[in-house]
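Structure assessment
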Amino acid sequence: MIKTGKKEDISRLAELAALLWEEHTPGDLEEDLADIMAREDASFFLYYEQDVPVGFAQCQLRHDYVEGTESSPVGYLEGIFVRAECRHRGYAGELLRACERWAADKGCREFASDCELDNEDSRRFHMAMGFCEANRIICFTKELI
């Protein structure tokens, strides 16, 4: 079962998000997630197995240019995660469809996402879900002294 994330879900959501974004702890993420959740242009969805959240998706509207799109705003999948022991049951696809419905209800005609170049699991997921690859880039930085 999928539920829209609410304020009271922040700690559970942060625990799942820390499994996706491993450089953060749940405590680090709680305030950021609460700030995002309070916005009208963002939403979270939680997938429950018997009252236990086992996955989540974060989506939002992007008004800036999104690679490969022609409209604005664009619905954007910011993150999606399902616990390893619950994968290959279709939960991520259901979470994605909840995000897509939310974006369509907000007036979006397009939906987009991204993943790191070396994240083959994510690339396969996106392709299986009907996304088309728009571009590949490598970003560079340089310190100015």
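Before reading on, note that the structure itself is shown above.
Just so we're clear, the structure is a prediction, and the values are computed from it rather than from any experiment.

Rules used throughout
Residues numbered from 1 in each chain as written. Predicted model: local features only at pLDDT ≥ 70, side-chain atom pairs only at ≥ 80, totals over all residues. Heavy atoms only, no water. Disulfide = S-S within 2.5 Å. Buried < 20%, exposed > 50% of the residue type's maximum accessible area, 1.4 Å probe, protein only. Pairing = 2+ DSSP bridges. Helix = DSSP H or I, 4+ residues; strand = E, 2+ residues; numbered from the N terminus. Contact = heavy atoms within 4.5 Å. Axes fitted to C-alpha atoms, helices over the stretch in contact; angles between N-to-C directions. Phe/Tyr/Trp six-rings, centres within 6.5 Å; stacked < 30°, edge-to-face > 60°. Lys NZ or Arg CZ within 6 Å of the ring centre and 35° of its normal. Core = buried A, V, L, I, M, F, W, Y, C linked by side-chain atoms within 4.5 Å. Salt bridge = Lys/Arg side-chain N within 4 Å of Asp/Glu carboxyl O.

Some thoughts on the state of the cysteines
Considering all chains together, one arrives at zero disulfides under this definition. The structure places no disulfide on Cys 115, whose sulfur is separated from the nearest cysteine sulfur, that of Cys 139, by 13 Å. Of the residues examined, Cys 115 reaches a relative accessible area of 33% and is grouped as partly exposed.

What about the sheet that holds strand β1 (residues 2-4)?
In spatial order, the strands read β1-β2-β3-β4-β5; together these five strands make up an open sheet with mixed pairing. Pairing within the sheet leaves two strands with one partner each, and these edge strands are β1 and β5 (111-112). The sheet contact formed by β1 and strand β2 (residues 42-49) spans three bridges and is antiparallel. When the sheet's bridge partners are listed, Ile 2 is paired in β2 with Tyr 47. Across the sheet, helix α3 (residues 91-105) lies against β1, β2, β3 (52-62), β4 (74-82) and β5, angled at about 150° from β2, the strand it touches most.

As for the packing of aromatic side chains
Across all of its chains, the model carries three aromatic pairs by this definition. Judged by centre distance (3.9 Å) and plane angle (20°), the rings of Tyr 47 and Tyr 91 are stacked. Residue Tyr 47 is located in strand β2, and its partner Tyr 91 is located in helix α3; the two are separated by 44 residues in the primary sequence. Across from the ring centre of Tyr 48, 4.8 Å away, lies the NZ or CZ of Lys 3, which sits over that ring. The residue whose ring lies beneath Arg 62 is Tyr 76, and the NZ or CZ to ring-centre distance is 3.6 Å.

Some remarks on the nonpolar core
The biggest cluster of nonpolar side chains holds 22 residues, and the ones touching the most others in it are Phe 45, Leu 77, Ile 80, Leu 95, Leu 96, Cys 99 and Phe 111. Breaking this core down by element, the ones donating at least two residues are β2, β3, β4 and α3. The leading source of residues in this core is α3, at eight residues. Among residues more than four places away in sequence, those in contact with Leu 96 are Leu 77, Ile 80, Phe 111, Phe 125, Met 129 and Phe 131. Core analysis: the second largest hydrophobic core is formed by 16 residues, Leu 13, Ala 17, Ile 36 and Met 37 among them.

With respect to the environment of Gly 130
Tracing the backbone through its elements, the reader meets Gly 130 in the segment after α4 (120-128). Counting along the chain gives 33 residues from Gly 130 to Arg 97, while the straight-line C-alpha distance between them is 11 Å.

A short note on the pattern of salt bridges
A side chain of one charge can pair with a side chain of the opposite charge when the charged atoms of the two come close. Across all of its chains, the model carries seven salt bridges by this definition. Arg 124 is the salt-bridge partner of Asp 121, the closest N and O atoms lying 2.6 Å from each other. Of this pair, Asp 121 and Arg 124 both sit in helix α4, three residues apart, roughly one helical turn. By relative accessible area, Asp 121 is classed as exposed at 56%. By relative accessible area, Arg 124 is classed as partly exposed at 45%.

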